[in-house]
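# A structural walkthrough
Read off the chains here:
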Amino acid sequence: MKRLFPLLLIAVFPFFTGFSPVHHIDGNPKPHAWLPPDFEPKTGVLLIQRVTWPKRQQRKIEEFMKEKYPYSYEFIDATDINGNPKYADKSIYHFVLVYNYDTHIMTSANNLPVTMFDFSFLDRQGDKKYLPSGKGASWANMPLKYMINTILKELQ
């Protein structure tokens, strides 16, 4: 009976804690809530907001995109998203990956503030901003790599 109790406890634990294997810890209600359902990388040009600081992160992002992303994309400054006539055709430049740089409080004994980068899709035709990836990190290239790798995996 003593051996059976731990197994019983493990089996019953999820029902009492509300734990569910479907629950996502990263904050998104579903695995790809950040991905627009009509995003098709084979058509149009994906715009990606340039990370201005730290500059090394932008270089890493550019190297990654050049190596991994076979579709059309361009890096742009935030002011170019709606202000540059070159990108006025929203049927070609439908989606933009914009970055967010926010401060979060770590839930720890010290409650330290931590700044994190994350990316979100901006649908220029529908004038809608999607949820961030939920994979925020101190380095801007990390959430972008996650998003691009997920997109490429979905297309296989």
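Before reading on, note that the structure itself is shown above.
Let me begin by describing the structure that accompanies this report. What you see is a predicted model; the values in this text were computed from it and never measured. (Residues numbered from 1 in each chain as written. Predicted model: local features only at pLDDT ≥ 70, side-chain atom pairs only at ≥ 80, totals over all residues. Heavy atoms only, no water.)

## Some thoughts on the overall build of the chain
This is how the line gets drawn: Under the DSSP-based scheme used, a helix requires at least four consecutive residues in state H or I and a strand at least two consecutive residues in state E, with every element numbered from the N terminus. Exposed residues in this analysis have more than 50% of their type's maximum accessible area, buried residues have under 20%, and partly exposed residues fall in between, with area computed by a 1.4 Å probe over protein chains only. Contacts are residue-level and defined by heavy atoms, with any inter-residue pair within 4.5 Å sufficient. The Shrake-Rupley method, run with a 1.4 Å probe sphere, supplies the accessible areas, and residue values consider only the shown protein chains as cover.
Within the chain, the regular secondary structure consists of 4 helices and 5 strands. Ordered by position in the sequence, the α and β elements of the chain form the string α-β-α-β-α-β-β-β-α. Going through the 156 residues of the chain one by one, you find that 34% of them count as buried. Of the contacts made within the chain by residues no fewer than 6 positions apart, 61% connect residues no fewer than 24 positions apart. Carbon and sulfur atoms make up 58% of the accessible area of the chain, which totals about 10400 Å².

## Thoughts on the nonpolar core
Rules: Buried Ala, Val, Leu, Ile, Met, Phe, Trp, Tyr and Cys residues that are joined via side-chain atoms within 4.5 Å together make up what is termed a nonpolar core.
Within the largest apolar cluster, 24 residues are counted, with the highest numbers of intra-cluster contacts made by Leu46, Met65, Leu97, Phe119, Phe121 and Ile148. Ranked by the residues each element gives to this core, the list is headed by helix α4 (residues 141–155), at 5 residues. Contact partners of Met65, with chain neighbours within four places excluded, come to Ile48, Tyr73, Phe75, Leu144 and Ile148. Formed by 9 residues, the second largest nonpolar core is a distinct cluster that contains Ile76, Tyr87, Tyr93 and Val98.

## Topic: the environment of Leu35
For Leu35, the position within the fold is in the loop between α1 (4–17) and β1 (46–49). In this structure Leu35 comes out as buried when scored by relative accessible area, which is 19%. The residues contacting Leu35, other than those within four sequence positions of it, are Phe121 and Ile151.

## So, the packing of helix α2 (residues 55–68) against α4
The condition that has to hold: Fitted lines through C-alpha atoms give the axes, limited to the stretch in contact for helices. The angle between two N-to-C directions lies from 0 to 180 degrees. Relative orientations are named as follows: roughly parallel for angles under 35 degrees, roughly antiparallel for angles over 145 degrees, roughly perpendicular for angles from 65 to 115 degrees, and oblique for any other angle. In this scheme the crossing of two helices becomes right-handed for a clockwise turn of the near helix relative to the far one and left-handed for an anticlockwise turn of less than a right angle. When residue character is reported, Ala, Val, Leu, Ile, Met, Phe, Trp, Tyr, Cys and Pro are called nonpolar, Asp, Glu, Lys and Arg charged, and the others, Gly included, polar.
Where α2 meets α4, the axes come as close as 10 Å, and the angle between the chain directions of the two elements is 15°. Between α2 and α4, the crossing angle belongs to the class labelled roughly parallel. Classified by chirality, the crossing of α4 by α2 is right-handed. Here Gln57, Lys60, Ile61, Phe64, Met65 and Lys68 of α2 lie close against α4, whose contacting residues are Asn141, Leu144, Lys145, Ile148, Asn149 and Leu152. In the contact of α2 with α4, the residues fall into 6 nonpolar, 3 polar and 3 charged.

Remember that the coordinates give geometry; whether it matters functionally is a separate question.
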